[in-house]
Amino acid sequence: MTALQRPWLNKQLPLEERVETLLSAMTLEEKIGQMWQVHDPKDQHDQNVREGRIGSFLNVPRDQLARLQRIAVEESRLGVPIVAGRDVIHGYRTLFPIPLGQAASFNPETVRLGAKIAAREASAAGIHWTFAPMVDISRDPRWGRIAESLGEDPVLASRLGVAMVEGFQGDDPAAPDSIAACVKHYVGYGAAEGGRDYNTALIPESELRNVYLPPFRACAEAGALSFMSAFNDLNGVPTSGNPHTIRNILKTEWNYPGMVVSDWCSITEMINHGYACDEAEAAQRSIAAGVDLEMVSESYRNHAAGLLRAGKLRQEWIDDAARRVLRMKFVLGLFDNPYPAPATPEIFLCEPHLQAARRAATESCVLLKNNGALPLSPSGLKRVAIIGPLANAGADQVGCWAMDARGEDSQTPLAALRQSLPSTVVLDYSPGVPSSRSVDTTGFAEAIAQARAADVVLLFLGEEALLSGEAHSRAFLTLPGSQQQLLEAIAATGKTVVLVIMAGRPLVLTPVLPHASAVLYAWHPGTMGGPALADLLLGKESPSGKLPVSFPVMEGQIPAYYNKRNTGRPPSDESRGLPQGTPLDPVGFSANYIDGDHLPLFPFGFGLSYTRFEYQNLTLKSSDVRAGGVIEASIELRNAGSMPATETVQLYVRDLFASLTRPVRELKDFQRVTLAPGETRVVAFKLPAEQLAFYDNEAKRHLEAGDFKLWIGGDSRCTNEAAFRLLA
Ligand code: NOJ
C-alpha cells in the first residue's frame, strides 16, 4: 500500500477519523489480531506479525522488539505498529520505594516524579506501556501484593494513582519519554479472601462503588490510556468476563475511551473458575464483557471469528475492541514514530534520578517508635554495630516487581552509613542470619559480640524481596526466620537498639516493640534506600512518612482497616483484652476480641517525627452546608520541637446517621506542611459537600441531609473534632 492509500497516517486528521479510516480498512482477522498480546518472540510470531495477527507484545527486549516492529510497520498489509508493554511498577533501573512505601509519603508530587522518571528510563529501553498503577484497595497485609498497592484508603489511592498516571503519561503520551499507564487490577483483586492471592472477592455494590472503584474512576478521568482486568472473581463473576464492571460501569457509565487488557491468561483461567466450559466460551464471555486485548492466552485468536460467524458475538464488540487498541496506538504516536529513539543508557541511574529516588525513600519511611534514641548524634559515637540481613542487601531493598533493577546499583544502608558517619567512628557489620527467612543461628555469636562492643546497634530486619509480591501471601506476619530471636539476643546485651524494618507489607510488630528503642519502617526503599536511611538516622532529615495502611496487633485482627463501620455493639475500649466478669455476668457483649485488642497497633495515617506537632483551634467557617456548598475548616499547626519537619495534616469525616451505615471515619483530604521550629501555620481545607455522597446497593448515589463530625489531625485517631450539618 502506498502512503496515499493509508490516510490514517495523515497527522492532520483528527484522532477519531484516523482510527475509523484504519478500522474500516481492516479484515476481521486483522481486527482480531489487534486483540492478542504475546509474550515470547518465537520465530513463528514473525509471520503472525506480518499477517497482522498480533497487536502487542509484553516483556520483549528492545532489539527483538525493533525487529518485530519493522516487520509490523513495513511488511504487514496495513503497517499497524506493535505496542510493547512491560511491568515498570516502581522504577525501571532507578528503583523508587515500593508503591506502598511511596504511598506513605502522602505526596502526589513525589509519586508523580517517580513515575515520570520510570517512564523516561523505560522509554529509553523501547517500552511504550507500563502495567501500573495498581490501585487495588488493600486491607489485608497477608496479601503479598499489598506491596504494589497504594494502601487501604480510597482518597489516598485515588490521589496517588492519578499522580502516577500523570507521571507516566506526561502532558503528551506521544512524547518520546512518556509511556501509557494501565490501571489495574479491575476490580476487587485486593479483597482476596484470607489475603490469599487470586482468591475470590465478595464485595457488595455499595462497597464496590464507595471504596474499590473510586481510585479507578479517578485514574480513568485523569486520562489513563488503559485498564487491566483482574484474575479474581467478584461476587461469583470472574472480573475478566464481567460485563457489569467493564462494559456497563467502565465503558458506558464512565464513558471511558481507553483500552482494557486482560491479566496474564485470566481469560482462559475462567475455565478453572468454572465460568467457561472451554476456551471458546471464555473468549465469548470476555469479548462480550468488554476485554479488548487478551494477554498471552489464545482464545480470541482461536475462536473469535468462529463465534462471530455462529452469532455468539456481535460485530460491534470486535470493532470496539480493535478500535480501542488502535486508539491507544495513535495516542502514543506509534503510527508517526514507531521506532524507539536511539538508546540513551546514560539516563539510567543518572544523578537527578538517584536524587529523586533518595527523596522518595526519605519521605516514605515511617517512624513508629522513638524513646529518644533517634536521631543519633554522631559526635557521641565511637563504635556502631550494623547488624541484620537487610543492612547490605542491594537486591532485596528494591523489593518486588523490580525486573530491570540490578542489586549492585543499590546504595545500601551499610555503604551509606560508612560514608555519612565521621571516619573516627568504628563500624562493625554482620548479617546475623544469612537471609531474612533463614533459621540458621550460627551468625548470632559474631553479631552479639559486635553489639556488646558498640555504643549503639543499628539493626536491619524484615522481609527480603521474595516474601511479598504476586503469589507471595503470608499467613504469619511476624519477622520471618530467626530474626525475632536475633533481635532478642541483641537486645539482651543491654545496648540501645535502633531497628530499621524493610518489608513489603505491614508486619506484626507486637513482639518487636519491647526490644527496640526506636523503630523506623522503611518498606522496601529502592535503589537509594541507604542514603535516605542514613539521612534519617543521623537527623539530617526528620521522618515524615505516615502509614497508608493500618498495622495489626496480631494476624487475628485482620482486616484492621480504619474506615470500618461501627456495628450495633461497638467495641469498647474498656473490654479490651482478657474476658472480664463471670460466666453468668460477663462484661462486654460488644464487638471486641476476648483475648486481644480490637484496635490496630498503629492506625492508618500514623507516623512520628523528630519534632512535636501541636494542633489547636479547629474552626469551621459555618456549621451548616448545603448541597453544592463547601465546608471550610481550618486548624492551627505548630512545630513545637527544635527541628524543621513536615507533617501530613489529615481531615476525616463521619456521617452520623444515613440510610446505609457509614464508616466511623473517612479520610477526605490531606496536606503536607513543612514548618520551622516554633513556627505556627493555619492549615485550611475546603471540602465540597458533594464528597459526602455515597452509593447504596442499587448503585444509587445519595447526598443525605443530616449531622456529620469532622476531625483534623495527624492520624486517623486524631481527636480535634467539630460538628456540622448538611441541610436539605
Ligand atoms: C500478572 C500480574 O497480575 C499483572 O499485574 C502483571 O502486569 C502481568 N502479570 C504482566 O506481567
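Structure shown above.
Notes on the structure follow. (Residues numbered from 1 in each chain as written. Predicted model: local features only at pLDDT ≥ 70, side-chain atom pairs only at ≥ 80, totals over all residues. Heavy atoms only, no water.)

1. Quick look at the packing of helix α8 (residues 205-221) against helix α9 (residues 244-253)
Here's step 1: Their axes nearest at 14 Å, the elements α8 and α9 cross at an angle of 60 degrees. Comparing the axis directions of α8 and α9 gives the class oblique. Our pair here, α8 against α9, has a crossing hand that is right-handed. Counted together, Glu205, Leu208, Arg209 and Leu213 of α8 and His244, Thr245, Ile249 and Glu253 of α9 form the full contact between these two elements.
Here's step 2: For the contact of α8 with α9, the class distribution of residues is 3 nonpolar, 2 polar and 3 charged. (Axes fitted to C-alpha atoms, helices over the stretch in contact; angles between N-to-C directions. Helix = DSSP H or I, 4+ residues; strand = E, 2+ residues; numbered from the N terminus. Parallel < 35°, antiparallel > 145°, perpendicular 65-115°, else oblique. Left-handed = near helix turned anticlockwise from the far one by under 90°. Contact = heavy atoms within 4.5 Å. Nonpolar A, V, L, I, M, F, W, Y, C, P; charged D, E, K, R; others polar.)

2. Quick notes on the side chain of Thr362
Here's step 1: Its place among the elements puts Thr362 in helix α14 (residues 351-364).
Here's step 2: Take Thr362: its relative accessible area is 4%, and that puts it in the buried class.
Here's step 3: A distance of 2.8 Å separates a polar atom in the side chain of Thr362 from the backbone oxygen of Arg358.
Here's step 4: Among residues more than four places away in sequence, those in contact with Thr362 are Ala532, Leu536 and Glu541. (Buried < 20%, exposed > 50% of the residue type's maximum accessible area, 1.4 Å probe, protein only. Polar contact = N/O pair within 3.5 Å; in protein donor to acceptor, adjacent residues only side chain to side chain.)

3. Observations regarding the packing of aromatic side chains
Here's step 1: Under the criterion given, the structure shown has 21 aromatic pairs.
Here's step 2: When the ring of Phe106 is compared with that of Phe604, the centres are 6.0 Å apart and the planes differ by 55 degrees; the resulting orientation is tilted. Taken together, the residues Phe106 in the loop between α5 (99-104) and α6 (108-124) and Phe604 in the loop between α19 (529-537) and β17 (613-620) connect sequence positions 498 residues apart. Of the two residues examined, Phe106 and Phe604, each falls in the buried class.
Here's step 3: With a centroid separation of 5.3 Å and an interplanar angle of 75 degrees, the aromatic rings of Tyr186 and Phe227 are classed as edge-to-face. Pair noted here: Tyr186 is in strand β5 (residues 182-186) and Phe227 is in strand β6 (residues 226-229), with a separation of 41 residues, a long-range link.
Here's step 4: Phe227 sits in the buried class, given a relative accessible area of 0%.
Here's step 5: Among the aromatic residues, those joined into a cluster by ring pairs are Phe106, Tyr562, Phe604, Tyr652 and Phe670.
Here's step 6: Directly above the ring of Trp711 sits Arg665, whose terminal nitrogen or CZ lies 3.9 Å from the centroid. (Phe/Tyr/Trp six-rings, centres within 6.5 Å; stacked < 30°, edge-to-face > 60°. Lys NZ or Arg CZ within 6 Å of the ring centre and 35° of its normal.)

4. Section: the pattern of salt bridges
Where side chains of opposite charge bring their charged atoms close, a pairing between them can arise.
Here's step 1: Per the counting criterion, the structure on display carries 46 salt bridges.
Here's step 2: Arg327 is the salt-bridge partner of Glu16, the closest N and O atoms lying 3.0 Å from each other. Remark: Arg327 occurs in helix α13 (residues 315-331) and Glu16 occurs in helix α1 (residues 15-25); sequence separation between them is 311 residues.
Here's step 3: Classification of Arg327 as buried rests on a relative accessible area of 14%.
Here's step 4: Among the charged side chains, a network of salt bridges with common partners joins Arg247, Lys251, Asp292, Asp320 and Arg324. (Salt bridge = Lys/Arg side-chain N within 4 Å of Asp/Glu carboxyl O.)

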